[in-house]
Amino acid sequence: MNTNIELVIFDCDGVVIDSEILSAQVLINMLVEKDVEIDRAYVQQHFLGCNFKTVSQKIADAFNVTLPESFEGDYREALLNEFETGLTTTDGIEDVLNNLAVPICIATSSSPARTAKALSVVSLSKYFSDTVFTSSEVKRGKPAPDLFLHAAKQMGVKPEHCLVIEDSKAGVNAGIDANMQVLHYSGGQHMQGSVNHVHSAYPNVDHLTHWQDFFSAYPALKSSKHAAF
């Protein structure tokens, strides 16, 4: 842990922005109209960290329901509307972003438009102006390592010197397969009050429940300009 980290790669949803609980509820509500009934625990266990193509395939496999082509667009529109009034950052993330001593970027399964909108709504765009990478830029999304390797290459850092921060099994798996150091963050609202399937699957991966404890776990990553923090 904390070995020569030169870049921190953040997942976006559920790590930087507290969006997963909103995303889950919008999806749950829309799937009811297709006679598919699931709850937030199901979403966390089966869909967390996956792109929409993967989610659609999992729904088809589990419920024998093929979503119409219009479903993804309708879902994204409904979610962006929800973001306008309900989206927040994860608690304490700005303190971490303001005090990091190394470069940062985002690597997310979400679409470029959704990510840009979300970061703008919560006023985090300034931290990631030119350092947002999405699954649209690689052939294979998470749990494959391609996106993290792409981000590291673009940022000019070797994989072994990257720290990936993820909330999902797919993301943790991708970080491990990319030969990167991995931190599982479970401070988002969607992880509260339910079984932590990620920690159960990867008990040896470093685990953080609140951003206030980040620099205690990674003291070398704190900027000396903010030593009092």
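Reading the values: the criteria
Residues numbered from 1 in each chain as written. Predicted model: local features only at pLDDT ≥ 70, side-chain atom pairs only at ≥ 80, totals over all residues. Heavy atoms only, no water. Axes fitted to C-alpha atoms, helices over the stretch in contact; angles between N-to-C directions. Helix = DSSP H or I, 4+ residues; strand = E, 2+ residues; numbered from the N terminus. Parallel < 35°, antiparallel > 145°, perpendicular 65-115°, else oblique. Left-handed = near helix turned anticlockwise from the far one by under 90°. Contact = heavy atoms within 4.5 Å. Nonpolar A, V, L, I, M, F, W, Y, C, P; charged D, E, K, R; others polar. Phe/Tyr/Trp six-rings, centres within 6.5 Å; stacked < 30°, edge-to-face > 60°. Buried < 20%, exposed > 50% of the residue type's maximum accessible area, 1.4 Å probe, protein only.

(A) Main features of the packing of helix H1 (residues 20–32) against helix H4 (residues 70–86). Closest axis-to-axis distance for the H1/H4 pair is 10 Å, and the angle between their directions is 135 degrees. Relative to H4, H1 is oriented oblique. Between H1 and H4 the crossing geometry is right-handed. Contact residues: H1 offers Leu22, Ser23, Val26, Leu27, Met30 and Leu31, while H4 offers Phe71, Asp74, Tyr75, Ala78, Leu79, Glu82, Phe83 and Gly86. Of the residues that constitute the contact of H1 with H4, the class distribution is 10 nonpolar, 2 polar and 2 charged.

(B) Quick look at the packing of aromatic side chains. Counted under the stated rule, the structure contains 10 aromatic pairs. A centroid spacing of 5.2 Å and a plane angle of 80 degrees characterise the contact between Phe214 and Phe215, whose relative ring orientation is edge-to-face. With respect to class, Phe214 is no different from Phe215; both count as buried. Of the aromatic side chains, those joined through ring pairs into one cluster are Phe10, Phe128, Tyr185, Trp211, Phe214, Phe215 and Tyr218.

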